[in-house]
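Fold and contact review
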There are 4 protein chains.
Amino acid sequence: MLGDPTKWYIERITPDLVQLTSIKGVVFSGKSKYQTVEVLENGCFGRCLVLDGKTQSSQADEFIYHQSLVHPVMLAHPNPETVCIAGGGEGATAREALRHNTVKRAVMIDLDAEVVDLCREYLQGHHQGAFDDPRLDLQINDASAYLQGTPERFDVILLDLPDPMEGGPAYLLYTRSFYEMLRDKLNPGGLLVTQSGPASVINYTEVFTAINRTLREVFPTVVPYSVHMQSFGETWGFNAASLGPNPAHLTPAEVDARLAERGIAPLDFYDGVIHSALFALPPYIRAAIESEDRIITAENPLFVF
Amino acid sequence: MLGDPTKWYIERITPDLVQLTSIKGVVFSGKSKYQTVEVLENGCFGRCLVLDGKTQSSQADEFIYHQSLVHPVMLAHPNPETVCIAGGGEGATAREALRHNTVKRAVMIDLDAEVVDLCREYLQGHHQGAFDDPRLDLQINDASAYLQGTPERFDVILLDLPDPMEGGPAYLLYTRSFYEMLRDKLNPGGLLVTQSGPASVINYTEVFTAINRTLREVFPTVVPYSVHMQSFGETWGFNAASLGPNPAHLTPAEVDARLAERGIAPLDFYDGVIHSALFALPPYIRAAIESEDRIITAENPLFVF
Amino acid sequence: MLGDPTKWYIERITPDLVQLTSIKGVVFSGKSKYQTVEVLENGCFGRCLVLDGKTQSSQADEFIYHQSLVHPVMLAHPNPETVCIAGGGEGATAREALRHNTVKRAVMIDLDAEVVDLCREYLQGHHQGAFDDPRLDLQINDASAYLQGTPERFDVILLDLPDPMEGGPAYLLYTRSFYEMLRDKLNPGGLLVTQSGPASVINYTEVFTAINRTLREVFPTVVPYSVHMQSFGETWGFNAASLGPNPAHLTPAEVDARLAERGIAPLDFYDGVIHSALFALPPYIRAAIESEDRIITAENPLFVF
Amino acid sequence: MLGDPTKWYIERITPDLVQLTSIKGVVFSGKSKYQTVEVLENGCFGRCLVLDGKTQSSQADEFIYHQSLVHPVMLAHPNPETVCIAGGGEGATAREALRHNTVKRAVMIDLDAEVVDLCREYLQGHHQGAFDDPRLDLQINDASAYLQGTPERFDVILLDLPDPMEGGPAYLLYTRSFYEMLRDKLNPGGLLVTQSGPASVINYTEVFTAINRTLREVFPTVVPYSVHMQSFGETWGFNAASLGPNPAHLTPAEVDARLAERGIAPLDFYDGVIHSALFALPPYIRAAIESEDRIITAENPLFVF
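Fair warning: this is a prediction, and the values are worked out from it, not measured in the lab. Position numbers for residues start from 1 in each chain and track the written sequence from start to end. All chains are assigned letters beginning with A, and all ligands numbers beginning with 1, in the order in which they are written. The model is predicted, so local features are restricted to residues of pLDDT at least 70 and side-chain atom pairs to those at 80 or more, both for listing and for counting; the totals for chains, interfaces and linings are taken over all residues. Remark: hydrogens and water are excluded; side-chain values derive from all non-hydrogen atoms of the structure.

Another aspect to go through is the overall build of chain A. The helix and strand inventory of chain A stands at 10 helices and 12 strands. Here the radius of gyration uses the C-alpha set of atoms, whereas the globule reference equals 2.2 Å times the residue count to the power 0.38. Relative to the globule expectation of 19 Å for 305 residues, the C-alpha radius of gyration of chain A, 18 Å, shows essentially globular dimensions. Expressed as lengths along the three principal axes of its C-alpha atoms, the size of chain A is roughly 55 × 45 × 40 Å. Any residue under 20% of the maximum accessible area for its type is buried, any over 50% is exposed, and the rest in between are partly exposed; the area is computed with a 1.4 Å probe on protein chains only. Counting every position in chain A, which comprises 305 residues, the buried fraction comes to 65%. Secondary structure follows DSSP: runs of H or I at least 4 residues long count as helices, runs of E at least 2 residues long count as strands, and numbering of each begins at the N terminus.

Here you go:
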C-alpha cells in the first residue's frame, strides 16, 4: 500500500510524469565538487548511481544502456584499436569497449574524480574490474580541455556524458564546436557515438533530434537510434556519427560474425538482431529528425528538463 | 515542484515502481457492472481510459499500442476478410483493423456495454468513428461465451483484453482451453494475436513468456514481440499465433507493399521497418521464452501485479 | 496500496513536508482573474476550496477554522453591531459572524467575484445560506481600496485572507500600513482578527510571530492564538488585536454566557473551554513572540512557502 | 519540485491521507525480532524512530509528545516515588519522568532489546543519558508478563506503547483485562496514563474514545486529553486514569508551583498554561466520548489503520 515500502526515490521525468522507486538503502549520499552524488540500493532496479537527482545507471538494466551505446560504433569500425571515452564514470562503458580484443588503448576522461572513486568502490557490478585493465588510461579532466590539449587521435569516441542541464557540468559537450573538435580527434574512418537524451513518444524533440541535427552539420554520416531504458522511465536516444562506415548498414549476420571474431562471448542484450532493431525508428520520429533545424551551440544551448 | 501540478494519478507498475502523472481533469469517474472506469485528461498523456486503476490506453501513444497489436497479424494474412476483436472497448483496435480494405466483416465482442458507451462518447480521438463503420458488428457479451455459441470462423482474431488480474473479468481469456477454442474459430491459415502484459527488463516473466508457452501448446507457430509503451511505464508484450504464415518472416519491403495494396495511408508508427524491429527480442528474453515451462490454465491461472 | 486510491491531491506544506489526500472528484477546476481555483471532493476532508494550490477550507474541519477565527473577537466585544469581513469567499466567516444576534450589518469584501460565485454554487455546506442574509453587504473589491474609500467604521474586522504569497493577491494585507488603516476603521473599543499562517512546531516563525509583532506596532492589545487544522496539515495561527477588551481575559463561563445571550446554539467546536485553550501557546512559541522583531511592511513583506 | 528532494518517507495516516517527508539519510534500517526498525534523518523532523512503518517520535517534536504523556499524571500525584514505564524504548519517557526529584525508582519494561539498543546508540538527543540514571531499572520483557510476575506496586504507570495494530506486538496492552491488572499494580492514589492513538477531527473515534471508555470500566477517574503532533500528521490522544486526584483539576498556578518544587527547570513545552489546555477537548469530541460504548477486550480488540 501507499506506505509499503515506506522509502521512495522520486525522479521527475517531465513536468507531468514522475517515477517513484522504492529505496532499500542509501549506500552513499553526498556532494562532489561538481554535483550531488548518490549510490542507492533501489528496490526495483538494484544498485544505482544518481547524479544531481538523475539516475545515471542501474544494476537492472545498465547492460542494455552500455551495450547499446558502445557496440554499434565499435563493430562498425573494422579494427578499433584506440578508443576515447568521455564520461562513463561507472566504468561500464569501458567494460564494454574493452571486450573488443582489437582495442590496444582506451583513454577514459571523467571530470569528477570523486564520482569515479565512488563507482570503483560501490559499483563493482558495473565496472567488473575494467578500471584495472592495463589498456585503460584514466584521466581526471574536462573532456573538452583534455582533448584540445592532446595530439592523440582515436578510432572510436564514446560520449557517455550527463544530460545537458542548465548549470550542470556537461551542456557544452553537446554543441557543434565540441563535435567539430571531436571530428578532428578521430582517425580517418573513425566513429563517434553520444547518448542523446530521451527519445520516447512524449519528448523525443527535447534534445534527441537536435543533437542529431547538430552532428549532421559536422559529420558526413549520422544515424540516430534508441532503446527502452526501464530505469530511466523512457526510451533513450543515441546518435552515431561516422567518418567511415554507417553502423546501420551492418547486417545481423555481419554483427554476429564480428562479435565472434573479436572474442566477445554472447551478451545478454546486444547481438545482430538487436543491432538492426536499435536503428528502427518509427515514422513520426524519422519525420521529426528530417524536419529538425535546431543546431546546438554554446550561444544557443539546449537543456533537458 | 512537488505540489505543482497538484493533482496526480498514481499507478503502481510493480510493488517497487510507481508512475505518477498529472491530472488535468476527471472527465468521468464511476463504476460499471464489472470494473471501475475512469476517463482522465492526463497532463502527460492526454485523454486516457483507466479500468480498475490500470491505464488501458492514452491519447499520446495509443497509436503505438494498437498498430503494434493489429497490423503484424493482419498483414501476415494474405487476405483477411473476417476479423474478430475481443475487448478493445475504445474502438481503436477496430479502427486499425478496418483500415485493411480486405476486411468485409469485423465482430467486436466486449463484456462491458458501459465502458463501450463511455468510449464512444469520451474517446472520439481513439475510435475516430470506427463504431459507425457498417462492417463492424458490436456484440456485448463475454468473448468466450459468444465465440462458443457461434459457428462463425475468422481469418484473424485480435485479443485486446484487460490484463489477467485476480478477481478481474479477463483472466480466463489467457488460458490454454480458451486458446484451443479460438484455434477452432479460425479459418485455415488464420492468425491470432493477444496483448501479453509487460515485457520489460524487470518483469518479462510475469505473464509474457507464459502466455507464449501456453500458445505454443495450441498453435504450430507462435511469435513473441514487444514495443515500449511510455504511458504504461513499460515495454509491452504481444504474442502472435498462426495456423499459416509466420508474421516475423515478412520483410520490410513486403510489409510496405501490402500496406499500400490494402489502401492504408502512411501510419505514424507502423511500417516495414518497425514490423521487423517489433520481433527483435534481446537474448535474455529469447532465453526466458525458450526455458519457460508454465502453461496457463483455469486451474493454474496467472495474474499480473 | 500505493495506487489505491489512484487519484491524489498533493499539497506541499514545507519544502520537506508534503500532504497527499485522495481525490474522489474534481467539482471545478479553472482560473479566475486572480488565481487558480479548484473545488475538489476530497476523500479525506470532503468538499474543499483550493486557491493557487493551497487548501483554503474543507468540509471536514472548516467549522474549526471559522469558529476559531470569528468568535473570540466577536465575543470579546460587548455588543458588535457592525462587522467587516475581508476575504472569506466561502461565506463561512460570514455564517459564523451572523450567528451573533447583535450584528446589524456585515460588509464582506472579496476581491474575486468568480471565487465567490463558485463558493455560492459549490460550497453550500460552507456558507449555509449566509449570502442570502439581508444583513450581509457583499462588495467585490480589493479590501484595502474599499476600506480606504469608505467613511464607515466597524466594531469588529475579520481578516480571512489568503496567505501572503509572492505574486499572490494578498501579501499587502499583512503589513503595518494596512493595519494602521484598519485601526482607523474601527469604532472605539473595536477588535480585529487575522488568520496568521502556520503556527506549528516546524514553522511558527514563518509569518505568525511577525504578524503578531507588526500588529503590536499598531494596537495596544494583541493576542496570538492557534488551533490544529488537520486539513491544512498544521497547527494554524491567528492574531487578535483590540482597542478595547482583551479576548484572552474572558473566562469560560463568560464565553458560554455571552454565546447564550446572543442566541447562539451550542457549536460543534467553539465554547468557553475551547476559547481559553486557543490562547494557550507553549513556552517555546511565547518566547519566539517575545523576541520577534520583524515588522512587515510593503517594502519588507513576508511570504509563506 | 517533485523530485527535489528526491528521497522521501511515505507514511499513510489514513487510507485517504498520506504524509511525505524528505529523507536526508538512513541511519539504520533493519528488522528486530518483533518489528521493522528504522532510524532516519528526516529533512523535516530531524532524527526519527520508525517502527513497522509508523513514526514513533522525532527530534523536532518528541518533547511535545513526551512532556504531554508524562507530566500531567506525574504532577497530579502529590509525591510520585515509584514509576513504571511500559514501552518508551527511546528513553525519552524515562527522561521526563526522572526530572521529578521525588522519583526514587523507575522500572522501564520494553519488549525489544534491539530497539532499545538502537535508541541508546542513535537517539541520544531523545534519551539524553536517561539510560544511565541509577534510578532506572531497564527490563527487557513483555510488559504484561513482567508486571504479572512482580509483587511491586507503583505510584505512576506510564504506557508509551506502539499503537494497537493487527499482528503487532502491542494490541493486548489496550484491553480491559490489562488495565485491570495495572490497577492492581498501582499504590493507593496512583495514576496511569496511556498514549491513545489519533484524536484529530478525521479519526478520533478510531481508538481514542474506546480506550477512554475501556479505562472507565476499571478506574474511578479517567480524563482524556490531546495535543497536536506535527510529525504524526495528527492531533494525538492520551487518557489519564486515576485512583486518586484528577489531573484536570490542577490549576495552572498549582502546576507551575509543583514543577518548581520538584526542581524541574522551565520546559520548552509543558507548563501550567499548557496543562489546562491539554484537557480542553471540543464539544464534538466530548460528545463522542460520552456516547462511546465500545469496550476493548482480547476477544474484541481494536486496531488503528
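Residues and elements named next belong to chain D. Pairing within the open sheet is mixed, and its 7 strands lie in the order S8-S7-S6-S9-S10-S12-S11. Either end of the sheet is taken by a strand with one partner, and the two such strands are strand S8 (136–140) and strand S11 (221–229). Taken over all neighbouring pairs, the strand axes of this sheet differ in orientation by 15 degrees on average, direction set aside. For two strands to be treated as a pair, DSSP must find no fewer than two bridges joining them. Examined bridge by bridge, S11 and strand S12 (residues 234–242) share 9 bridges and lie antiparallel to one another. What sits directly across from methionine 229, in S12, is glutamate 234. To obtain each axis, a line is fitted to C-alpha atoms, and for helices this fit is confined to the stretch in contact; angles are then taken between N-to-C directions over 0 to 180 degrees.

The next thing to look at is the packing of aromatic side chains. Aromatic ring pairs are described here by two measures, namely the spacing of the ring centres and the angle between the planes. In this analysis, rings of Phe, Tyr and Trp, with Trp reduced to its six-membered ring, are considered paired at centre separations within 6.5 Å, and the interplanar angle assigns stacked below 30 degrees, edge-to-face beyond 60, and tilted for intermediate values. Following the criterion strictly, the structure yields 40 aromatic pairs over all chains and no others. Judged by centre distance (4.9 Å) and plane angle (50 degrees), the rings of Tyr225(A) and Phe279(A) are tilted. You can see Tyr225(A) sitting in strand S11 (residues 221–229) and its partner Phe279(A) sitting in the loop between helix H9 (272–278) and helix H10 (283–291), a full 54 residues away along the chain. Residues Tyr225(A) and Phe279(A) agree in their burial class; the two are buried. With a centroid separation of 5.5 Å and an interplanar angle of 75 degrees, the aromatic rings of Tyr284(A) and Phe63(B) are classed as edge-to-face.

All names here are of chain A. The buried count for strand S5 (residues 54–58) comes to 5 of 5 residues, which makes it a mostly enclosed element. Bridge analysis of strand S4 (residues 46–51) against S5 gives 4 bridges, and the strand direction is antiparallel. The partner of leucine 49 across the bridge, within S5, is serine 57. Hairpin geometry of S4 and S5 is characterised by an intervening segment of 2 residues between the two adjacent antiparallel strands and by a positive phi of about 50 degrees at aspartate 52.

What follows covers the pattern of salt bridges. Where charged atoms of side chains with opposite charge meet at close range, the side chains can pair. One speaks of a salt bridge when a side-chain nitrogen belonging to Lys or Arg is within 4 Å of a carboxyl oxygen belonging to Asp or Glu. Counting across every chain of the model gives 60 salt bridges over all chains. Here Arg95(B) makes a salt bridge to Glu96(B), at a shortest N to O gap of 2.9 Å. Assigned by exposure class, Arg95(B) and Glu96(B) land together as buried. In this structure, the salt-bridge partner of Asp184(C) is Arg183(C), at a minimum N-O distance of 3.5 Å.

Let us look at the sheet that holds strand S11 (residues 221–229) of chain B. All names here are of chain B. Taking strand neighbours across the sheet as the criterion, the 7 strands line up as S8-S7-S6-S9-S10-S12-S11 in an open arrangement whose pairing is mixed. Strands at the two margins of the open sheet, each flanked by one partner only, are strand S8 (136–140) and S11. Neighbour to neighbour, the strand axes of the sheet diverge by 15 degrees on average, direction disregarded.

Turning next to the relation of the copies chain A and chain B. Expressed as a screw transformation, the operator carrying chain A onto chain B has a rotation angle of 180 degrees and an axial translation of 0.0 Å, and the superposed copies differ by an RMSD of 0.0 Å. What we have between these two chains is a two-fold relation. Taken as a fraction of all interface residues of chain A, those also at the interface in chain B reach 100%, which identifies the copy contact as same-surface. The copies are overlaid by a least-squares fit using only the C-alpha atoms of residues whose pLDDT is at least 70 in both copies. In what follows, residue pairs with any heavy atoms lying within 4.5 Å of each other are defined as contacts.

A few words on the packing of helix H7 (residues 208–216) of chain D against helix H10 (residues 283–291) of chain D. Residues and elements named next belong to chain D. Orientation of H7 relative to H10, taken along the N-to-C sense of each, is 45 degrees, at an axis distance of 9 Å. For the element pair H7 / H10, the angle class is oblique. Helix-helix and strand crossings are classified by hand; for H7 and H10 the assignment is right-handed. Across the interface between the two elements, Phe208, Thr209, Asn212 and Arg216 of H7 pack against Ile285, Ala288 and Ile289 of H10. When residue character is reported, Ala, Val, Leu, Ile, Met, Phe, Trp, Tyr, Cys and Pro are called nonpolar, Asp, Glu, Lys and Arg charged, and the others, Gly included, polar. Here the contact of H7 with H10 is composed, by residue class, of 4 nonpolar, 2 polar and 1 charged. Put simply, angles under 35 degrees are roughly parallel, angles over 145 are roughly antiparallel, angles from 65 to 115 are roughly perpendicular, and the rest are oblique. In this scheme the handedness of a crossing depends on how the near helix is turned from the far one: anticlockwise by less than a right angle means left-handed, clockwise means right-handed.

This next bit is on the state of the cysteines. Disulfide: a covalent bond connecting the sulfur atoms of a pair of cysteines. Residue and element names in this part refer to chain B. The disulfide criterion is simple: two cysteine sulfur atoms within 2.5 Å. All chains considered together, the criterion is met by 0 disulfides over all chains. Distance from the sulfur of cysteine 48, which forms no disulfide, to the nearest cysteine sulfur (cysteine 44) is 8.7 Å. On the basis of relative accessible area, cysteine 48 is assigned to the buried category, the value being 4%.

The subject of this paragraph is the side chain of Gln230(C). On the secondary structure map, Gln230(C) appears in the loop between strand S11 (221–229) and strand S12 (234–242). Relative accessible area serves as the criterion here: at 2%, Gln230(C) is assigned to the buried category. Not counting the four nearest positions on each side in its chain, Gln230(C) is found in contact with Gln19(C), Phe45(C), Asp61(C), Leu17(D), Ser200(D), Val201(D), Ile202(D), Gly233(D), Glu234(D) and Thr235(D).

Laying chain C over chain D is done by rotating through 180 degrees and shifting 0.0 Å along the axis; what remains is an RMSD of 0.0 Å. Mapped onto chain D, 100% of the interface residues of chain C again fall at the interface, so both copies present the same surface.

At the junction of the two partners, chain A supplies 44 residues and chain B supplies 44 residues. Two parts placed together each lose some accessible area under a 1.4 Å probe, and adding up what both lose gives the buried area. With both chains or domains summed, chain A and chain B bury close to 3100 Å², and 63% of this area falls on carbon and sulfur atoms. When the area that chain A buries against chain B is broken down by residue, the three leading residues are Asp16(A), Val201(A) and Gln230(A), summing to 18%. Summed over the shared surface of chain A and chain B, the number is 2 salt bridges. Among the salt bridges present, the one from Arg286(A) reaches Asp271(B), with a minimum N-O distance of 2.6 Å.

This part covers the interface of chain C and chain D. Residue-level contacts link 44 residues of chain C with 44 residues of chain D. On the chain C side of the interface with chain D, the three residues burying the most area are Asp16(C), Val201(C) and Gln230(C), jointly 18% of the side's total. Between the two partners, chain C and chain D, sit 2 salt bridges. Any pair of nitrogen or oxygen atoms within 3.5 Å is treated as a polar contact; in protein, a donor-acceptor pairing is required on top of that, and neighbouring residues in sequence qualify only through side-chain atoms on both sides. Between chain C and chain D we count 17 residue pairs in polar contact (both at pLDDT 80 or more) in total.

This prediction gives chain A a mean pLDDT of 95; 99% of its residues lie at or above 70. Here the predicted complex scores 0.92 on pTM and 0.95 on ipTM. Confidence of the prediction at every residue is given by pLDDT, a number between 0 and 100.

All names here are of chain B. Its place among the elements puts leucine 138 in strand S8. Along the sequence, leucine 138 and alanine 113 sit 25 residues apart, while their C-alpha atoms lie 9.9 Å from each other. The residues touching leucine 138, leaving out its near neighbours within four places in the chain, are Met108 and Val116.

Once that is clear, we can look at the environment of Leu186(B). Residue and element names in this part refer to chain B. Structurally, leucine 186 can be placed in strand S10 (residues 186–198). Between the C-alpha atom of leucine 186 and that of threonine 221, which follows or precedes it by 35 residues, the distance is 14 Å. In contact with leucine 186, other than residues within four places in its own chain, are Arg153, Phe154, Asp155, Val156, Ile157, Leu191, Leu192, Phe219 and Leu243.

Before going further, it helps to spend a moment on H10(D). All of the buried residues in H10(D) are Pro283(D), Tyr284(D), Ile285(D), Ala288(D) and Ile289(D). Residues of H10(D) that are buried make contact with helix H1 (62–76) and helix H9 (272–278) of chain C together with H7 and S11 of chain D.

Below, the discussion takes up the environment of Tyr171(C). All names here are of chain C. Looking at the element boundaries, tyrosine 171 is found in the loop between strand S9 (154–160) and helix H6 (176–183). Residue tyrosine 171 is classed as partly exposed on the basis of its relative accessible area, which comes to 24%. For the pair tyrosine 171 and leucine 302, spaced 131 residues apart in sequence, the C-alpha to C-alpha distance is 7.5 Å. Look past the residues within four positions of tyrosine 171 in its chain and what remains in contact with it is Pro164, Met165, Pro301 and Phe303.

This part takes up the side chain of Asn203(D). All names here are of chain D. For asparagine 203, the position within the fold is in the loop between strand S10 (186–198) and H7. On the accessibility criterion, asparagine 203 (9% relative accessible area) is buried. Side-chain polar atoms of asparagine 203 contact the side chain of glutamate 234, separated by 3.0 Å. Those residues in contact with asparagine 203 that lie beyond four places of it in its chain are Thr14, Pro198 and Glu234.

Time to look at unusual backbone geometry. Residue and element names in this part refer to chain A. If you check the backbone angles, glutamine 128 has positive phi at about 50 degrees while not being a glycine. For glutamine 128, the location among the structural elements is in the loop between helix H4 (124–127) and strand S8 (136–140). Classification of glutamine 128 as exposed rests on a relative accessible area of 53%.

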